[in-house]
Structures are given as structure tokens and as C-alpha cells.
Amino acid sequence: MNASLMFVYYSFIFLSTLVEGRYQCNLDSVPPTCHQHTQAIGLSSVRPERRLLITFDLSTAVSKLGVLGGGRYGILAPDFDYLAANHNMFLHAVLIASLLSVVIYFTMICQRRKALAKKMSTAVAVTIIGLYLVIPCIYFDAMDIKNPALRMTFALAIVIFIFRTLVAYFGYAPDGATKSLGMYVTYYLFPGEILFDAKTSMPLKATRKYIIQNFSRLFRAVIVNSLLYSFMSHFDYTPFGQESRHYLHPKHLGNCFFIALYFQQNLEFIDALASAMSNAITGIKTAKMMDSPVLKSRSIAEFWGRRWNYLVHCVLKRGVYKPIRKYGSATFASFVVFLASGLIHEFLNYTVSVYHYMEVPANSTYKPRIFVLDRT
């Protein structure tokens, strides 16, 4: 039932975006008729009329605090077109993966105990992973996707599906995920790490209280991100200035800290949004992907192992570490995980920033896509 609901929902969104032709605008030249489309794909400078919710004057006395200069400011409304475009990027990747997950279930999960099926499952795994490696480039060309943020959303989903394919091939998928086709497809496509009951192997149910807590976490993420983005964008994302380029200079380290915090909050927002929506739609409980790693971690192991991108930690552990650890030392298995992580980051870098990539015009100014304070 959960898989059916997800598939119908994804199919509806996919078809609606194809009919709209949301992404068919060429960024090399931006005629007036394309302003709505370019806003959806991220070049905020080409449509300066982004709506202001409120405007106000900042007094000279307040400006003396040094954070903001005096003048007239406004709060920009969230860019819902752009947020919807990112949402649709993920859904398109999910629809592609939904078909492949059915193939994986019947060739790897169901046939796991049959010796003759090993060669077939190997061939299927190699084929599917090969497809995943070329699908982003084919898709970006077909849909004319130039914006790096939209590319990243699609490519990140593909990366998770690659590792979940490895998890299935090596036989380390959670027991609860393999009980039926519907449950496996749900597990494979889910934008988070599904939590299963240790005794029954059934997915834990997301209670009404849990769903409300997730939407509350989403609301907090929006507020925190809006404040952080407003602060960072005012200083062109270098609050300590650009006077020094020495790696160990205090100003450079301060800028690096804020960029790390900025990136963490982006992932916190994505996690909160994905959790709130998926838990509400399916009623399944998921683990928290980001848990304030920059501010709360007390060790490197806690940072990478429990607080930073827990979803990727889980798929790397099941899809790479455990299979290698079965035949080698823990040190060697950890090295292979590090290597796999590096290779997949290079894949992301190539698909997002290298393949048919178009530089953002020098006169464009990035404005975050949620609430943000800006000088008018």
C-alpha cells in the first residue's frame, strides 16, 4: 500500500512537470518570456521582481552595530518555483529507480538462496549501476538542466540508489525490507533510513506526535536557515572578509566555519523536509539524517558515524564496509569505504559541475530560496 501511494504520487508530479515544460528554457539567453522558468532554475538576478513580503527602514543607530548598514530592507518571499523544481528533480530520479527496484527484488532478493542465480544477479547489478552512472548526463541533456542545485538533487538521489543496489547484491538489506515487493520498493526509494522493529522486523510507525515533531523541526530549520542566509549573503558568504588567503589564518578559518555551518543547515533543511513529507505520506518512521554535527560532535567518530549524513553512513556500511569486512580487516574495509566515498564525490562533481556545465553570469547575485533579509 505504501509503495502504491508513493508511485501514484510520483507519477502525477512527473507527468505534470512534463506537461508544464518547466525546464525547457535555455539559460544562454534569457528573453522576458523565460523569466518565470529561469527563476525556477536558480538565476535570481534575471528576475529582480521577486516578491517582498514587507519592507522597512533600518536606522543609522542600529547600523552602528556593524552587522548591517543603514537603509531600506525587505524580506523576500520563499521562491516556491525553485523549491518545487528541486522537489521534482528528486521525484524524477525516484520514478526511474522504482522500475529498477522491481528488477532488483526479483533477481537479487528473491533469488538470493539459489546458486544458479548468482551470475544473473551479478550481471543485473553491474548493468543497473552502469545505468545509474550515465542516467544523470542523459537526463540533464534531455531536460536541458543547467542549474547545479537541481543537478545535485537528482545526482544525490542516484548515489543513494547505487549504494542500495550494492546492499541488495551483497545481501545486507534489512530483513524487514525484503518481506514483500511493496516493502522493498518502499525501502529502496525512501529518502531516509527506515527504522525497523528489532523483534518483528516491521517498519516502525510514525505516530501523529512524531509527524508533528518533524514538521516542527522543519519550521525551525526554515527560521534558522533564513537568519543564517540573511547574515551570510550580506557579507557575500565571507563574514570575516577576504584579506588573507593563508589556510591557517584566523579569518580564513572563521569563514570556513560559517561555510561548514551553512552547508550543514542546508542538509538539516533537506532532512527535515524529506522526513516530514515522507513520514506524513507513508506513516513510516525514519532516522534523523543530520543531528547538528558541527556544533554537537565531541569526536571525529561521532561526527562521521552518528551525526553527519546518517543515511549515507548506513548505505556505505551495508553496501561497502560489511562485504569487504567479511573477507578482510577492519582497517582495509574502512579504507575501501573512504575510497568509495571519494569516487562517488568525484561522480557528483562531474555530473553537477563539469558535464555541459554553464557558468553563472558574473553579474548575478545568489539569493537563498527561502525567507531572506535583503537591501532594497
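Every chain is numbered independently, its residues counted from 1 as its sequence is written. For a predicted model such as this one, the threshold for reporting local features is a pLDDT of at least 70, and the threshold for listing and counting side-chain atom pairs is 80 or more; totals across whole chains, interfaces and linings nevertheless cover every residue. To obtain the side-chain values, all non-hydrogen atoms of the structure were used and water was disregarded.

Participant: Sorry, what's going on with the overall build of the chain here?
Facilitator: Along its length, the chain carries 13 helices and three strands. Whether a residue is buried, partly exposed or exposed follows from its accessible area with a 1.4 Å probe, protein chains only, as a fraction of its type maximum: under 20%, in between, or over 50%, in that order. Within the chain, the proportion of its 376 residues that are buried is 47%. When contacts within the chain are restricted to residue pairs at least 6 apart in sequence, long-range pairs at least 24 apart make up 70% of them. When the accessible surface of the chain is totalled, it reaches about 19900 Å², and 66% of it is carbon and sulfur. Each helix corresponds to a stretch of at least 4 residues labelled H or I by DSSP, and each strand to a stretch of at least 2 residues labelled E; elements are numbered beginning at the N terminus. Whether two residues are in contact is decided by their heavy atoms: any pair within 4.5 Å suffices. All accessible-area figures derive from a Shrake-Rupley calculation using a 1.4 Å probe, and residue coverage is judged against the displayed protein chains alone.

Participant: Sorry, what's going on with the nonpolar core here?
Facilitator: Inside soluble globular proteins, nonpolar side chains tend to come together where they are buried. To define a nonpolar core, start from buried Ala, Val, Leu, Ile, Met, Phe, Trp, Tyr and Cys residues and group those joined through side-chain atoms within 4.5 Å. The biggest cluster of nonpolar side chains holds 57 residues, and the ones touching the most others in it are Tyr132, Phe154, Ile158, Phe161, Tyr184 and Tyr188. For this core, the elements supplying multiple residues, two or more each, are helix H4 (80-109), helix H5 (117-143), helix H6 (148-170), helix H7 (181-189), helix H12 (310-325) and helix H13 (330-353). In contact with Ile158, other than residues within four places in its own chain, are Ala93, Tyr132, Pro136 and Phe347.

Participant: Any chance you could explain the packing of aromatic side chains here in plain terms?
Facilitator: In this description, a pair of aromatic rings is defined by centroid distance and the angle of the planes. Note on ring pairs: Phe, Tyr and Trp rings are taken, using the six-membered ring of Trp, and paired if centres are within 6.5 Å. Classes follow the plane angle, with under 30 degrees stacked, over 60 edge-to-face and the rest tilted. In total, this model carries 21 aromatic pairs according to the counting rule given. Pairwise contacts between aromatic rings join Tyr105, Phe106, Tyr132, Phe161, Tyr184, Tyr187 and Tyr188 into one cluster. Sitting above the plane of the Tyr187 ring, Arg164 keeps its charged end 5.2 Å from the centroid. Whether a charge sits over a ring depends on NZ of Lys or CZ of Arg being within 6 Å of the ring centre and within 35 degrees of the ring normal.

Participant: What am I meant to see in the side chain of Glu193 here?
Facilitator: If you trace the backbone, Glu193 turns up in the loop between H7 and helix H8 (208-234). Classification of Glu193 by relative accessible area gives buried; the value is 5%. Contacts described as polar in this section are N or O atom pairs within 3.5 Å, which, within protein, must combine one atom able to donate a hydrogen with one able to accept it, while residues neighboring in sequence count only if both atoms come from side chains. At 2.8 Å, the side chain of Glu193 and the side chain of Arg318 are in polar contact. Those residues within four positions of Glu193 in sequence are excluded, and the remaining contacts are Arg164, Lys285, Thr286, Ala287, Tyr310, Leu311, Cys314 and Arg318.

Participant: Before we go on, may I ask you to explain the environment of Leu204 in this structure?
Facilitator: With respect to the helices and strands, the residue Leu204 is situated in the loop between H7 and H8. In this structure Leu204 comes out as partly exposed when scored by relative accessible area, which is 28%. For Leu204, the contacting residues outside a window of four places in its chain are Leu195, Phe196, Asp197, Gly283, Ile284 and Lys285.

Participant: Explain unusual backbone geometry to me, please; I cannot follow it from the model alone.
Facilitator: One non-glycine residue, Asp144, adopts positive backbone phi at about 55°. On the secondary structure map, Asp144 appears in the loop between H5 and H6. Phi is positive for Ser292, which is not a glycine, with a value near 45°. Take Ser292: its relative accessible area is 17%, and that puts it in the buried class.

Participant: Is there a simple way to explain the packing of H4 against H6 in this structure?
Facilitator: Between H4 and H6, the least distance of the axes is 9 Å, while the angle of their chain directions is 15°. Between H4 and H6, the crossing angle belongs to the class labelled roughly parallel. Here the hand of the crossing between H4 and H6 comes out right-handed. Side-chain classes are defined by residue name, with Ala, Val, Leu, Ile, Met, Phe, Trp, Tyr, Cys and Pro counting as nonpolar, Asp, Glu, Lys and Arg as charged, and the others, Gly among them, as polar. Per-class residue counts for the contact of H4 with H6 are 19 nonpolar, four polar and no charged. Here an axis means a line fitted to C-alpha atoms, over the contact stretch when the element is a helix, while the angle between two N-to-C directions is reported on a 0 to 180 degree scale. Convention used here: angles under 35 degrees read as roughly parallel, angles over 145 as roughly antiparallel, angles from 65 to 115 as roughly perpendicular, and any remaining angle as oblique. The crossing is said to be left-handed when, going from far helix to near helix, the turn is anticlockwise and less than a right angle, and right-handed when the turn is clockwise.

Participant: I tried to follow a nonpolar patch on the surface on my own but got confused; where do I start?
Facilitator: Put simply, a patch holds well-exposed residues, over 30% relative accessible area, that have no salt bridge, with like charges counted together within 9 Å and Val, Leu, Ile, Met, Phe, Trp or Tyr side chains within 5 Å. When a carboxyl oxygen of Asp or Glu is within 4 Å of a side-chain nitrogen of Lys or Arg, the pair counts as a salt bridge. Together, Phe332, Phe335, Phe338, Leu339 and Leu343 make up an exposed nonpolar region whose accessible area comes to about 570 Å². Tracing the backbone shows Phe332 in helix H13. Here Phe332 falls in the partly exposed class, since its relative accessible area comes to 45%.

Participant: Explain the confidence of the model for the chain here, please?
Facilitator: Low-confidence regions, as indicated by low pLDDT, have predicted coordinates that should not be scrutinised in detail. A residue's pLDDT is the predictor's confidence in that residue, given on a scale from 0 to 100. For the chain, mean pLDDT is 78; residues scoring 70 or higher make up 73% of the total. The low-confidence segment residues 1-48, where pLDDT is below 50, has 96 contacts with residues more than four positions distant or belonging to other chains. Segment residues 362-366: pLDDT under 50, and seven contacts once partners within four positions in sequence are set aside and those in other chains are kept.

Participant: I'm lost on the packing of H4 against H7 in this one. Help?
Facilitator: When two helices pack together, their arrangement is given by the angle between their axes and by how far apart the axes lie. At a closest axis distance of 9 Å, the pairing of H4 and H7 adopts a crossing angle of 135°. Relative to H7, the element H4 lies oblique. Judged by the sense of rotation from one axis to the other, the crossing of H4 with H7 is right-handed. For the pair H4 and H7, the contacting residues are Phe90, Val94, Ala97, Ser98, Ser101, Val102, Ile104, Tyr105, Phe106 and Ile109 in the first and Leu181, Tyr184, Val185, Tyr188 and Leu189 in the second.

Participant: In this structure, what is going on with H13? I would like to understand it.
Facilitator: Its 24 residues place the ends of H13 34 Å apart at the C-alpha level, agreeing with the 34 Å of an ideal helix rising 1.5 Å per residue. Among the residues of H13, those classed as buried are Ala333, Val336, Val337, Ala340, Ile344, Phe347, Leu348, Thr351 and Val352. The span you would expect from a helix comes to 1.5 Å times its residue count less one.

Participant: How should I be thinking about the pattern of salt bridges in this particular structure?
Facilitator: Two side chains that carry opposite charge are able to pair once their charged atoms sit near each other. Under the counting rule described, the total for this entry stands at seven salt bridges. Among the salt bridges present, the one from Lys288 reaches Asp291, with a minimum N-O distance of 3.9 Å. Note that Glu302 is salt-bridged to Arg307, the shortest N-O span being 2.8 Å. Arg307 shares its class with Glu302; the two are buried. In this structure, a network of salt bridges that share partners links the residues Lys288, Asp291, Arg298, Glu302 and Arg307.

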